[in-house]
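# Report on the structure
The residues making up each chain are set out below.
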Amino acid sequence: CSPYYIRFKFEGLNEIIKYTSDAIEKLGSSAYTSLYPQNYKGYSHCNFTDDIAEQITSMLPMTTSFSFNKKRVAIFDTNPGGGCGIHKDGYNCKISFNIPIEVHDKLCITNWYSDETFIDKPILGMPYSRNIHRDFNSMNQFPAVKTMTALPNEMILFNTNIYHSWDNIISPNRRKVLTLRIINNNNLMFEDVRKILFNY
């Protein structure tokens, strides 16, 4: 589904999911660094401690092609009824590698949107996140150009440089996704990463 996302699997993916799940279950909040527990209205973003982040990144086969930011190995934990408004990530973050860790239903929806939809709206929240509409309860007024539901046992190459959101409003279950960022000194875009990752 380029240029929005690509689902894929690889040998060792299940081991990463198990390791991450076990770390969360056994260590609880001590699995995360106290420097970055950010609790927003619809979700929380918690970076793993250095030792857990190091272990997770060491298990990724794509480290032969990309260097991962070990300070930004994080869980996005979305509560039932939660979500995140429409935004692009920061200018230095064009893509994300996402692994669903806890998914209990198909009710959490990720949407991407056209730039033209927001041409007259101010961008908020610079420089990290380019927010265009923060209220995740009123996003359905904007037409989506692509929709996705994350599934268990997959990795997602995710284009964070297109306006996107996620909506867990009607789900009775929480959702946890492991998000990984590369050190992108070469300013690689989604298409560049796709070609490197899949050799086409």
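Everything in this summary refers to the structure shown in the same document.

Procedures and definitions
- Residues numbered from 1 in each chain as written.
- Predicted model: local features only at pLDDT ≥ 70, side-chain atom pairs only at ≥ 80, totals over all residues.
- Heavy atoms only, no water.
- Helix = DSSP H or I, 4+ residues; strand = E, 2+ residues; numbered from the N terminus.
- Expected span 1.5 Å × (residues − 1).
- Buried < 20%, exposed > 50% of the residue type's maximum accessible area, 1.4 Å probe, protein only.
- Arc of directions from axis to C-beta.
- Salt bridge = Lys/Arg side-chain N within 4 Å of Asp/Glu carboxyl O.
- Pairing = 2+ DSSP bridges.

## As for helix α1 (residues 13-27)
Taking 1.5 Å per residue, 15 residues should reach 21 Å; α1 reaches 21 Å between its end C-alpha atoms and fits that length. Every buried residue belonging to α1 is among L13, I16, I17, T20, A23 and I24, and all of these are buried. All buried residues of α1 project into a common sector of 130 degrees when viewed along the axis, lining one side. Facing away from the buried side of α1 by more than 90 degrees, the exposed set consists of K18, E25 and K26. Following α1 by one or two positions, G28 has its phi on the positive side, about 60 degrees.

## Some words on the pattern of salt bridges
This structure, assessed with the given rule, holds 8 salt bridges. Note that D77 is salt-bridged to R174, the shortest N-O span being 3.0 Å. Here D77, found in strand β4 (residues 68-78), pairs with R174, found in the loop between β11 (164-167) and β12 (175-182); they are 97 residues apart in sequence, far enough to count as distant. We note a salt bridge from R194 to E191, for which the minimum N-O separation is 2.3 Å.

## Some thoughts on the pairing of β11
Remark: a regular strand shows side chains that alternate across the two faces of the sheet. As paired strands, strand β5 (residues 83-88) and β11 are joined by 3 bridges and run antiparallel to one another. Paired with H87 across the strands is H164, a residue of β11. Of the pairings in the sheet, the one linking strand β7 (residues 109-112) to β11 comprises 4 bridges and is antiparallel in character. When the bridges of β11 are listed, N111 appears paired with S165.

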